[in-house]
Amino acid sequence: MIPQQESDFNLNHLKLYYGKLFPFADLCRWVSYGNDANHPGCDQSYMGRREFSFTLVDDIYLRFQSFNNVHELENSVKEKSPVKIDIGPVYSVDPAKRYAYAQSENNVFTPVERELIFDIDMTDYDDVRYCCSGADVCLVCWPLMTIAIKVIDTALRDDFGFKHVLWVYSGRRGVHCWVCDGKARRLSNEQRGAIADYFRVYKGNENSHKKVSLTGAALHPFLATSYTNVLKDYFEKNLLTGQNLLATEERYEKILSMIPDESIASELRGRWQDGRRSSSAKEDINVVRWEQLKQLLQSGKHKAQGLRRCVEEIVFCFTYPRLDMEVSKHMNHLLKAPFCVHPKTGRVCVPIDPSRCDEFDPTTVPTLSQLIEELNYESSRSDVDGELNRTSLGNAITLFRSSFLQPLLKACKSCLEVTSIDTIKRWNVHSTVELSRSILTLIFSYNCNRSSGERKELA
Ligand SMILES: [Zn+2]
């Protein structure tokens, strides 16, 4: 289990971390999206219109910080040693000068670009995990995050066509996702809401038994693929036994309450109350009971669609990603920057490779004190990359560069080149952008309706 509080997190260590290890240059190259060179097509004001927010010790918040380049950011962070750095949207004007602009009529202070972000927090799964609760996570419940990464990453790439998706460990109990494609950064709040709704099947609250409602003649292809490729396997091979989902009366009653047919529920209840006395020690009781439940609900005797669907609903309820929708819907939401150190656990917010997310182990993520120890162990070389590579942070930064930053900047560069060639045809480019946005909106509203079973044809 990851302890809630690492006693030796201290400001001196944090200062050393910012001084020697924090990848300022990589972070700035990312959030500049190519607008940091003397390229003819680049927007020199871009970086300076991005909001950074610092949290200092004793919960002092510094909102609307802005920096024109990596040196300004680095100097400010080293001077203030924030315990948390958040990244906000790119505004129409420099957020630090928002009051000055408010005086003039032409410059409205409003967010104009923001990565599409997702925040998944283990505390939202407290009713489906029995190993720990609240801020704690362990290797028994972490697969819930692995499932979320697999399901959402696949949909973002396959269903929406996004390519530049960054996954980051939040440092304690969850994961963050940054979708950085140009078309994602320019989505309106409404379009963000439509994408968030695309992922929604969880409609319950703490007190309702049925947290998932799958309606319609067939599952939407996205939900069907998620179920077949990810959810079913993780439920049956991992969570069912790992969380002992059917081992005790209290736990199986929770699942029985999701079965709409009372006669089936009571038949299973009767078997399981007897089974407790006569079960063989050889087979896992959760597996035995799950097979019995499936057999009854999916047998020829109970062909009613609602009952067959019930097995899927139970699996969705215990495995399907639970997103903090509000974070995704609004451009001006802040999200913690990668490579921050979580002040409670001391763990660094390292990137997660979505293609190998089942190998990610939150209990082995480098901590601040561990990194400082590694730095002190051999302090002969002074170049930054040398320092990095000697610590356990090296792999995390290599992953950030090779799997995310380099492909992203390559795409940004070719995009800027196209823009500068096309300056004469600005009107055409403009109308093309508007057209593709309208098409996106159409597709999103189409997809949005899929969970209610409606199949609207695109005209
Ligand atoms: Zn746990």
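Nothing here was measured: the structure is a model prediction, and the numbers come from that model. (Residues numbered from 1 in each chain as written. Predicted model: local features only at pLDDT ≥ 70, side-chain atom pairs only at ≥ 80, totals over all residues.)

Observations concerning the overall build of the protein chain
Point 1. When you go through the protein chain residue by residue, the secondary structure sums to 17 helices and nine strands.
Point 2. The buried share of the protein chain, taken over its 459 residues, is 37%.
Point 3. A sequence separation of at least 24 residues applies to 69% of the contacts in the protein chain between residues at least 6 apart. (Helix = DSSP H or I, 4+ residues; strand = E, 2+ residues; numbered from the N terminus. Buried ≥ 20, exposed ≤ 12 C-beta atoms within 10 Å, placed from the backbone. Contact = placed C-beta atoms within 7 Å.)

Notes on the packing of helix α5 (residues 143-158) against helix α8 (residues 221-242)
Point 1. Axis separation between α5 and α8 bottoms out at 10 Å; the angle between their running directions is 165°. With respect to α8, the axis of α5 lies roughly antiparallel. For the crossing formed where α5 meets α8, the hand is right-handed. Contact with α5, carried on its side by P143, I147, K150, V151 and A155, involves F222, S226, V230, L231, Y234, N238 and L239 of α8 and no other residues of that element.
Point 2. Counted by class, the contact of α5 with α8 contains nine nonpolar, two polar and one charged residues. (Axes fitted to C-alpha atoms, helices over the stretch in contact; angles between N-to-C directions. Parallel < 35°, antiparallel > 145°, perpendicular 65-115°, else oblique. Left-handed = near helix turned anticlockwise from the far one by under 90°. Nonpolar A, V, L, I, M, F, W, Y, C, P; charged D, E, K, R; others polar.)

A look at helix α14 (residues 368-377)
Point 1. Listing the buried residues of α14 in full gives L368, L371, I372 and L375. What you see down the axis of α14 is that its buried residues fit within an arc of 100°, all on one side. With respect to the buried face of α14, the exposed residues turned more than 90 degrees away are E373 and Y377. (Arc of directions from axis to C-beta.)

Observations concerning the confidence of the model for the protein chain
A low pLDDT score tells you not to read the predicted coordinates there in detail.
Point 1. Considering every residue of the protein chain, the mean pLDDT works out to 86; 80% of them sit at 70 or more.
Point 2. Scored below 50 in pLDDT, residues 423-439 shows one contact in the model against residues more than four places distant or in partner chains. (pLDDT = per-residue confidence, 0-100.)

Some points on the nonpolar core
Point 1. Residues A148, I152, V175, C177 and L231 are the most contacted members of the largest nonpolar core, which totals 105 residues.
Point 2. Broken down by element, this core gets its largest block of residues, nine residues, from α5.
Point 3. Per-domain counts for this core show at least three residues from each of domain 1 (11-198 + 324-430) and domain 2 (221-319).
Point 4. If near-sequence neighbours (up to four positions away) are discounted, C177 is found in contact with I117, F118, I152, V165 and W167. (Core = buried A, V, L, I, M, F, W, Y, C linked by C-beta atoms within 7 Å. Domains from an automatic or database assignment.)

Overview of α8
Point 1. In the structure, α8 departs most strongly from a straight axis at Y227, where the bend amounts to approximately 50°.
Point 2. Once α8 ends, the next one or two residues include N244, with phi positive near 50°. (Bend = angle between axes of the 7 residues up to and from the residue.)

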